[in-house]
Amino acid sequence: MSNTNTKDTSSLLTIKDLHASVEEKNILKGLNLEVKPGEVHAIMGPNGAGKSTMGYVLSGREGYSVEQGSAVLDGVDILDLEAEERARAGLFLAFQYPVEIPGVSNLEFLKASVDAQREARGEEAVSSADFLKLAKAACKQVNLPLAFLKRGVNEGFSGGEKKRNEIMQMLLLQPKVCILDETDSGLDIDALQVVAEGVNSQRSNDRSFVVVTHYQRLLDYIKPDFVHVLADGKIVKSGDASLALELEAQGYAWLQPSDEEGQNA
Amino acid sequence: MTDQIDKALEREYEAGFVSDVESDTFEPGLDENVIRRISTMKNEPEWMLEARLKAFKVWQEMEEPDWAHVDYEKIDFQAISYFSAPKSMKDKPKSLDEVDPELIRTYEKLGIPLIEQQMLAGVAVDAVFDSVSVVTTFREKLSEAGVIFCPISEAIQNHPELVKKYLGSVVPTKDNYYAALNCAVFTDGSFVYIPKGTRCPMELSTYFRINEQNTGQFERTLIIADEGSHVSYLEGCTAPQRDENQLHAAVVELVALDDAEIKYSTVQNWYPGDENGKGGIYNFVTKRGICHTNAKISWTQVETGSAVTWKYPSCVLKGDNSVGEFYSVALTRGAQQADTGTKMIHLGKNTKSTIISKGISAGRSNNSYRGLVRMNPGADGARNFTQCDSLLIGDQCGAHTFPYVESRNPSAIVEHEATTSKVSDDQMFLCQQRGLDPEKAVSMIVNGFCKEVFKELPMEFAVEAGKLLEISLEGSVG
Ligand SMILES: Nc1ncnc2c1ncn2[C@@H]1O[C@H](COP(=O)(O)OP(=O)(O)O)[C@@H](O)[C@H]1O
Ligand SMILES: [Mg+2]
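Engineer: Lay out a negative patch on the surface in plain terms, naming residues and giving numbers.
Structural biologist: There is a patch of like negative charges on the surface, built from Glu62, Glu82 and Glu85 of chain A together with Asp425 of chain B. Along the polypeptide, Glu85 of chain A turns up in helix α2 (residues 83-88).

Laid out in structure tokens, this is it:
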């Protein structure tokens, strides 16, 4: 199913003709996307278009099957890897709905994650003391009180706190490609700025972002290089930042693909 | 993901080796003569033999209980050997230098060095191998503080007044089928006496090892904390990996006199049998403590082993203002079955009890919490709080809760909370997405679930218990 001979080193993430389904329902129907180092791509699109599915398929969640196409992350074909191997290869997904893990402290969880990733890459482990410093700094950066490091992962966090916690994880894991799935949804303006600043502080020539959002307002803070519209499982339009403004004004209806392909039941 | 987890639960039992020691082992079978022979082997006074024979008569008239939520083949009590001891122990080694090095190596392999210099600082160990105690460390240091810590077989000879007064005072012979059997055939276990106003200067612990085939282990432990004293005690247990089931039927009695405090922790890792339920230890245990005025008994148990567990460490809160606690983690996987919980019997005024039970079921196992809280008419102002949480891994296992409350005092307050949750796909995926492999993910989620209980364990052992869960869950995800 994969097609790896097109190793394109100038690209951090290349998705080619990706078809994927869940529960025998085709969701992604020929998705193409190329993300170069340092770029920020915004993905917009109607509910149910397959935006979250894209994140899950790329990060290797169970229950999603790929029928066709390829996804290459920094030269590595990731679709045959286990979820944790993809994470260790540098893929990060900020969840639309972060889940709670009661009793497991944020700090313990973060340390275990960082340790696992460093070990897999053959890097030296970070000492507990050094890690604590890093974690405190990340916690401050996303404007969460330090007590959140001791609390259970997402346990009893508000919606906004959960989203900030996702960004904190991203700051510590230092991934190559970050997919943010509606990280801005449900945030007040202060939290939105925190999230945006978190992302902006991480923008660099060797890291890229795929930002799924419904709202232009996030893109006021995180300036995208490209904006794509994902509808019915594929990218139906791409443009620059101005496309987001257009979408805000006109909605998605004018972009919906025609019905000729029919709906796969 | 169920597949993944099932695979993950296939693990090695690290303590499953057999030690190559020559043993004197009784022929299988049980009658009065066998009991006389045990008593002779132990060099017991006449009164002890009489007590054993009386218990044997009582046992013969009792029936094996069948109310527990466990299912196993009937035990043939004539097919069991009731005594086995390494030959080298016959001459009663006077010091560690005289103990068979193979025995010392056995404990070393299990992570229990018996050479005092190598031991965890501040922990004294009584090592029980099949039916005898091999060695008890730090006895001299303890006796400086007036603390008696020795095999119960020795206490029967050297401290008959204490043994006569307290043995059977908390768990009477007739209490239940296995307790009666234990009274007739018990072989070794630990005896602890902490004098008035003394804080025991070290952690005390007993490590039980079953080695010989076809033998039962009948442990008997008695801990007496005199007025205003304090002791923390830990027991651990393992056995070789065998296809036949073996019986461990123990009785443990705790006596906390006025203002005394006993903390009793168990890390139970008997061989659990294979994935299909072949082999493993039947762990049928009676543990109970009595609290006099202002006294406190705290039971903490981490149960990961045994094919079948039947165990209810309990507190009789006799004295006013006394406190009973029960903190439990019970993990079952494969075909394991556990029916465990506690009884809190409130007799005195303003008595308090806390029960925190965490049951984790994986594979095709069955895990039941069974707990009784009884408020007697005299228990004015008594309080109980019970929290009972079950965690399911996969969808072929069972978790059951049987709480019984008997309140005969209107001023008593009983609170009960119960939850059942699953290790969810979402949690697993979050962990994996952050780079953790599935085994690490499950063990971390399970450890988090058990946190409230682990924090009750003595520090050195909390780490051990966490690791034990990790090993137990190894391979539970693919
Ligand atoms: N586990 C699932 N089982 C069945 N259908 C699903 C499942 N997950 C997603 N879908 C369906 O796939 C489509 C795309 O969902 P999703 O990727 O969440 O959309 P978006 O994030 O763009 O709103 C929707 O029609 C949704 O109902
Ligand atoms: Mg979505």
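Engineer: Account for the coordination of the magnesium ion (ligand 2), with residues named and values stated.
Structural biologist: Residue and element names in this part refer to chain A. On the protein side, the magnesium ion (ligand 2) has Ser52 (OG) and Gln96 (OE1) as donor atoms, found 2.1 to 2.4 Å from it. Taken as a pair, Ser52 in helix α1 (residues 51-59) and Gln96 in the loop between β6 (91-94) and β7 (101-105) lie far apart in primary sequence, 44 residues in all. Overall, Gln96 belongs to the buried group, its relative accessible area being 15%.

Engineer: Account for the interface of chain B and chain A, with residues named and values stated.
Structural biologist: Counting from both sides, the interface comprises 22 residues of chain B and, opposite them, 31 residues of chain A. For the chain B and chain A pair, buried surface summed over both sides reaches about 2100 Å², with 59% attributable to carbon and sulfur atoms. Broken down residue by residue, the surface that chain B buries against chain A is led by Phe429, Gln433 and Arg434 of chain B, which jointly contribute 36%. The tally of links between chain B and chain A comes to two salt bridges. Here Asp426 of chain B ties to Arg61 of chain A by a salt bridge, and the two come within 2.5 Å at their closest N and O atoms. In this structure, the connection of chain B to chain A is made through eleven residue pairs in polar contact (both at pLDDT 80 or more). Where the side of chain B that touches chain A is concerned, the elements lending two or more residues are α9 (425-433) and α10 (438-449) of chain B. With eight residues, the top contributor of residues to the side of chain B that touches chain A is α9 of chain B. For the side of chain B that touches chain A, the class distribution of residues is nine nonpolar, seven polar and six charged.

Engineer: Tell me about the site of ligand 1, residues and numbers included.
Structural biologist: Residue and element names in this part refer to chain A. With respect to spatial proximity, 13 residues lie near ligand 1, and among them Gly48, Gly50, Lys51, Ser52 and Thr53 are the closest. Between ligand 1 and Lys25 there is a distance of 3.2 Å, counted from an oxygen atom to a side-chain nitrogen or oxygen. Between Ser52 and ligand 1, the recorded distance is 2.9 Å, taken from a backbone N or O atom to an oxygen atom. In isolation ligand 1 exposes 560 Å². Once the protein is present, 65% of that is buried.

Engineer: Give a description of the state of the cysteines that names residues and reports values.
Structural biologist: A complete count under the given rule lists zero disulfides over all chains for this structure. Cys139 of chain A carries a free sulfur, and the closest cysteine sulfur to it, the one in Cys178 of chain A, is 19 Å from it. The buried category is assigned to Cys139 of chain A, whose relative accessible area is 0%. Free cysteine Cys150 of chain B: the closest other cysteine sulfur is in Cys200 of chain B, separated by 13 Å.

Conventions used here
Residues numbered from 1 in each chain as written. Chains lettered and ligands numbered in written order. Predicted model: local features only at pLDDT ≥ 70, side-chain atom pairs only at ≥ 80, totals over all residues. Heavy atoms only, no water. Patch = residues over 30% accessible without salt bridge, like charges linked within 9 Å, V, L, I, M, F, W, Y side chains within 5 Å. Areas by Shrake-Rupley, 256 points an atom, 1.4 Å probe, with all protein chains shown as cover. Salt bridge = Lys/Arg side-chain N within 4 Å of Asp/Glu carboxyl O. Lys, Arg positive; Asp, Glu negative; His and termini not counted. Charge placed at Lys NZ, Arg CZ, Asp CG, Glu CD. Helix = DSSP H or I, 4+ residues; strand = E, 2+ residues; numbered from the N terminus. Donors = N, O, S within 2.8 Å, 3.2 Å for Na, K, Ca; no water. Buried < 20%, exposed > 50% of the residue type's maximum accessible area, 1.4 Å probe, protein only. Contact = heavy atoms within 4.5 Å. Buried area = accessible area lost by both parts, 1.4 Å probe. Polar contact = N/O pair within 3.5 Å; in protein donor to acceptor, adjacent residues only side chain to side chain. Nonpolar A, V, L, I, M, F, W, Y, C, P; charged D, E, K, R; others polar. Near = heavy atom within 4 Å. Disulfide = S-S within 2.5 Å.

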